[in-house]
Amino acid sequence: MAGLIDEPILGTNDIIETREEAEIKDVLIDKVREEGGQGDREMAPPTGNSIHRSGSRPQLDLSKAAILGNSEERDPTILLPNQSDDISHLALDIGGIDSHGWLSETPANCSAEIKATGGGAYKFADLFKEKLGVSLDKEDEMDCLVAGANFLLKAIRHEAFTHMEGHKKFVQIDHNDLFPYLLVNVGSGVSMIKVDGDGKFERVSGTNVGGGTYWGLGRLLTKCKSFDELLELSQRGDNRTIDMLVGDIYGGMDYGKIGLSASTIASSFGKAISEKKELEDYRPEDISLSLLRMISYNIGQISYLNALRFGLKRIFFGGFFIRGHAYTMDTISFAVHFWSKGEAQAMFLRHEGFLGALGAFMSYEKHGLDDLMVHHLVERFPMGAPYTGGKIHGPPLGDLNEKISWMEKFVLKGTEITAPVPMAPPGTTGLGGFEVPSSKGGTLRSDASALNVGVLHLVPTLEVFPLLADPKMYEPNTIDLSDHVELEYWFTVLSEHLPDLVDKAVASEGGTDDARRRGDAFARAFSAHLARLMEEPAAYGKLGLANLLELREECLREFHFVDAYRSIKQRENEASLAVLPDLLMELDSMTEETRLLTLIEGVLAANIFDWGSRACVDLYHKGTIIEIYRMSRNKMQRPWRVDDFDVFKERMQSSGDKKPRPHKRALLFVDNSGADIVLGMLPLARELLRRGTEVVLVANSLPALNDATAMELPDIVAEAAKHCDILRRAAEAGGLLVDAMINALDGSKENSSSVPLMVVENGCGSPCIDLRQVSSELAAAAKDADLIILEGMGRALHTNFNARFKCDALKLAMVKNQRLAEKLIEGNIYDCVCRYEPAS
Ligand SMILES: Nc1ncnc2c1ncn2[C@@H]1O[C@H](COP(=O)(O)OP(=O)(O)O)[C@@H](O)[C@H]1O
Ligand SMILES: CC(C)(COP(=O)(O)O)[C@@H](O)C(=O)NCCC(=O)O
Ligand SMILES: [Mn+2]
């Protein structure tokens, strides 16, 4: 039986950064007590916040946090006015540059032990004690860097990527094949660390020409006031005016004999030897680019030589210098590729600037993070301060009102961020051909790195679905959004669906002014996400359609829309339950063979009740959806576009005297509400029960569109059971019925034996399902299952269409999108899919 969904151990990853002289990169992952793990479903508060994968409120309350004063001021103050003192785990990486006096003047009553690494952990220890009453527990910087890198590479999906010629490609690293690697941390200076395992490493080299050199020299030469400004200048630079190129020496020709193109830099800043020109005669843009190329290239080259020295194939680059800056990464990659003749690969980390802080956090004993696996962590991208682009990149704004008013202000400030940003095709660069930055854009986001950092939620109850045939090869998404045309199409679909969704969401909260404000804020927030992803599709990791659909649900929850389709679901359930007895009677009058076909037809036809599809919403508004449902129910044209019904029937049906062995247990992943569940999946479940197969209805943990949740299903089943003895006994055996209902059907209280009908939650709150992260309850239920039925476009087409399972699998859906129908099944909208795949 489904229990209450456990409150997870919750984590947030917050960033406060940065001023010029001092940087604090802090990471907080805080534990929240597990709540009601064995509790009763009815006891669960009906809000999304009680359920895992939600509850994005950080435990470190940085609301109204501010670095007072501006960045040029020497002694600004950091204020955390709303912070209570119940944080149990906090880790900081503090730079060591002159920063005295930047802590709050108000001593806080903080008893927490804070892990700290970096030079500043030593340098400012007394200051922390004096100003905040906080003792810093110092951790070795190298230990932390390595622990942080190992954690990221093992536990975060889509953490590492290559970056060549403007093109980002995520690399999934096999845990068992991670070591050895070279970790290059590009901070002020550069450390090169050969990593052989957890805690096993050696700093094999380094260079003093690093991020500090770029920023320091750059500041002197260009008079830039901030690092971001300097980096932004480089975007518009042309280094040929200042670098001496091979072509300058060889009269515009390549030096082909030794593989140098005319555009290869022969000597960085080599043209500046000209006596005719002074510093003022060079454009700051060109200087910045030249400097950036010189330093990045040098780092890439030295890194490769060290990798070569130790026979290391993989080099990971971290450190705050990189800042997700495309050109920096391209230059480093180019150097590694060029000098290794393509043998070695430069890889970058999405959370590149937080290795030290993460490592310091990992050093807490007994926090249970030692055996973290990738499926235990869910990364979320809540809306908040990162988008403000100011000096304070705060955490997600915790307070709803703050979030809304921030959104309102944000809209007043201009629409740049919500305007769709066209993506330029990546420029190509040939051998040595970095004449212009390949990812040259109009502006460089000052908050580029902050936007790539999500909130990590630690959910130890998540598991990999045990029936996946090959979990390592499993890719949930069917649609690849790295195809730009595809991306644009789905972005348009989601944008166009927004007004209708907001209407439903606002109505679900009584249409109050508050709900309207929240609805507007949600729409802006989600549009901002879309714009961000349009600009950089890989900003939040590898992007699939399922991620976008889930992001939308998470965004609704963030603006406290608990269940936008609640009343729609109720209405549809009631209407369907009213006609269920007639349907069951009709089914019972059929032969076994006709019945099985009618049941599958029923599931497919009822899948039209989908409030997430533009076409279906139009049908609802025109009032024709019931008509279409009735028609397709009465006259389903076979063969369907994908039609494996006959093979399925063969497995299910007796032939001659031979009775087939019934499946032991079937997992039915249900979709939507009303007809879809009551008139589609429940009758199919009943058929399986009648054949002696245990049935587990698998439903969402959190609402998504009009999908019924695991919390809602028992009531629906109980209602249905009033009209059906088979369902009643099975539900009773599965513990789904409370005593009061047991006698409702025929007054008898026989303790009949029946295979059970159960309900479990799937661990997610999305119209799709990523089977790498399901609830432990579902994973447990799956152990005995030999049949799974995935229903709906989200769960059977957008995700899992190509998934292979260890047991028999039936994928049922009506395609309610013309483009998807064309692409996936070479068919048309409202075509049906019945794909049956025996155990592989
Ligand atoms: N906003 C910023 N302000 C200052 N430096 C920045 C900023 N963003 C990136 N950097 C780069 O990051 C470098 C410091 O990186 P970091 O990883 O913090 O190293 P360290 O811990 O050695 O100080 C700077 O030298 C600079 O090149
Ligand atoms: C959100 C959905 C996956 C839900 O479909 P379902 O799983 O309920 O069959 C689907 O409605 C969808 O892909 N909608 C977006 C495309 C469109 O509006 O045409
Ligand atoms: Mn659905």
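Bear in mind that the values here come from a model prediction, so they are computed numbers and not experimental data.

Participant: Would you explain the overall build of the protein chain in this entry?
Facilitator: Helices and strands together make up the secondary structure of the protein chain, namely 25 helices and 26 strands. Burial analysis of the protein chain (840 residues in total) assigns 58% to the buried set. Considering only intrachain contacts with a sequence separation of at least 6, the fraction spanning at least 24 residues in the protein chain is 74%. When the accessible area of the protein chain is evaluated, it comes to approximately 33300 Å², of which 53% is carbon and sulfur surface.

Participant: Help me understand the site of ligand 2, please; the structure alone is not making it clear to me.
Facilitator: Near ligand 2, the surroundings consist of 16 residues, among which Asp610, Gly794, His798, Lys816 and Asn817 are the closest. At 2.7 Å from an oxygen atom of ligand 2 is found a main-chain nitrogen or oxygen belonging to Arg614. Between ligand 2 and Gly794 there is a distance of 2.7 Å, counted from an oxygen atom to a backbone nitrogen or oxygen. Burial of ligand 2 by the protein amounts to 98% of the accessible area it has alone, namely 480 Å². Per-element accounting of the shell around ligand 2 gives the leading share, three residues, to helix α24 (residues 793-798). When its residues are assigned to classes, the shell around ligand 2 shows four nonpolar, eight polar and four charged.

Participant: For this particular structure, what's the right way to read the coordination of the manganese ion (ligand 3)?
Facilitator: Each donor-metal-donor angle in an ideal tetrahedron of four donors is 109.5 degrees, and each such angle in an ideal octahedron of six donors is either 90 or 180 degrees. Ligation of the manganese ion (ligand 3) by protein atoms is provided by Asp671 (OD), Asn672 (OD1) and Asp707 (OD), these donors lying 2.1 to 2.2 Å from the ion. Taken in chain order, the donor set of the manganese ion (ligand 3) reads D-N-x34-D. Of this pair, Asn672 sits in the loop between β20 (665-669) and α19 (675-690) while Asp707 sits in the loop between β21 (694-699) and α20 (713-721), placing them 35 residues apart in sequence. Of the two residues examined, Asn672 and Asp707, each falls in the buried class.

Participant: I tried to follow the packing of helix α14 (residues 566-588) against α19 on my own but got confused; where do I start?
Facilitator: Relative orientation and spacing of two packed helices are given, respectively, by the angle between their axes and the distance between those axes. Between α14 and α19, the shortest axis-to-axis distance is 8 Å and the interhelical angle comes to 40°. If you check the angle between α14 and α19, you find them oblique. In this structure, the crossing between α14 and α19 has a hand that is right-handed. Between α14 and α19, the residues in contact are Glu572, Ser576, Leu577, Val579, Leu580, Leu583, Leu584, Leu587 and Asp588 and Ala675, Val678, Leu679, Pro683, Arg686 and Arg690, respectively. Looking at the contact of α14 with α19, its residues break down into 10 nonpolar, one polar and four charged.

Participant: In this structure, what is going on with the environment of Ala116? I would like to understand it.
Facilitator: Tracing the sequence through the fold places Ala116 in strand β5 (residues 114-117). On the basis of relative accessibility, which here comes to 0%, the residue Ala116 falls in the buried class. If we skip the residues at most four places from it in the chain, Ala116 touches Leu92, Ile94, Ala121, Leu136, Asp137, Lys138 and Glu139.

Participant: For this particular structure, what's the right way to read the packing of aromatic side chains?
Facilitator: Each aromatic ring pair is summarised here by two numbers: the centre-to-centre distance and the angle between the ring planes. According to the stated counting rule, one finds 24 aromatic pairs in the structure shown. With 4.0 Å between their ring centres and 5° between their planes, Phe381 and Tyr540 make a pair best called stacked. Of this pair, Phe381 sits in the loop between β16 (377-380) and α10 (400-413) while Tyr540 is found in the loop between α12 (513-535) and α13 (545-558), placing the two residues 159 residues apart along the sequence. The residues Phe381 and Tyr540 share a single accessibility class, namely buried. It is Arg323 that lies over the ring of Phe320; its NZ or CZ is 5.5 Å from the centre.

Participant: In this structure, what is going on with the state of the cysteines? I would like to understand it.
Facilitator: By definition, a disulfide is the covalent link that joins the sulfur atoms of two cysteine residues. Tallying each qualifying case throughout the model produces zero disulfides. In this structure Cys807 is not part of a disulfide, and its nearest cysteine sulfur, from Cys834, lies 16 Å away.

Participant: Is there a simple way to think about the sheet that holds strand β7 (residues 160-164) in this case?
Facilitator: One key point about sheets: their strands pair by backbone hydrogen bonds, in either a parallel or an antiparallel sense. Overall, mixed pairing links the seven strands, which are arranged β8-β7-β15-β14-β9-β10-β11 in an open sheet. This sheet does not close on itself; its edge strands, each paired only once, are β8 (167-171) and β11 (200-207). For this sheet, the mean inter-axis angle between neighbouring strands, taken without regard to orientation, is 30°. With six bridges joining them, strand β9 (residues 181-186) and strand β10 (residues 190-197) adopt antiparallel strand pairing. Note that in β10 the partner of Val186 across the bridge is Val190. Docked against the sheet, helix α7 (residues 284-310) engages β9, β10, β11 and β14 (314-318), running at close to 140° with respect to β11. Sheet strands touched by helix α8 (residues 326-340): β7, β14 and β15 (345-349). Its angle to β7, the strand with the most contacts, is close to 85°.

Participant: Mind showing me how you'd approach the packing of α12 against α13 here?
Facilitator: It is the contact of α12 with α13, at a shortest axis distance of 9 Å, that shows an interaxial angle of 150°. In terms of their interaxial angle, α12 and α13 are classed as roughly antiparallel. Relative to α13, the crossing made by α12 is right-handed. Contacts from Phe522, Ala525, Phe526, His529, Leu530 and Leu533 in α12 reach Leu548, Leu551, Arg552, Cys555 and Leu556 in α13. Classifying every residue of the contact of α12 with α13 gives nine nonpolar, one polar and one charged.

Reading the values: the criteria
Residues numbered from 1 in each chain as written. Chains lettered and ligands numbered in written order. Predicted model: local features only at pLDDT ≥ 70, side-chain atom pairs only at ≥ 80, totals over all residues. Heavy atoms only, no water. Helix = DSSP H or I, 4+ residues; strand = E, 2+ residues; numbered from the N terminus. Buried < 20%, exposed > 50% of the residue type's maximum accessible area, 1.4 Å probe, protein only. Contact = heavy atoms within 4.5 Å. Areas by Shrake-Rupley, 256 points an atom, 1.4 Å probe, with all protein chains shown as cover. Near = heavy atom within 4 Å. Polar contact = N/O pair within 3.5 Å; in protein donor to acceptor, adjacent residues only side chain to side chain. Nonpolar A, V, L, I, M, F, W, Y, C, P; charged D, E, K, R; others polar. Donors = N, O, S within 2.8 Å, 3.2 Å for Na, K, Ca; no water. Axes fitted to C-alpha atoms, helices over the stretch in contact; angles between N-to-C directions. Parallel < 35°, antiparallel > 145°, perpendicular 65-115°, else oblique. Left-handed = near helix turned anticlockwise from the far one by under 90°. Phe/Tyr/Trp six-rings, centres within 6.5 Å; stacked < 30°, edge-to-face > 60°. Lys NZ or Arg CZ within 6 Å of the ring centre and 35° of its normal. Disulfide = S-S within 2.5 Å. Pairing = 2+ DSSP bridges.

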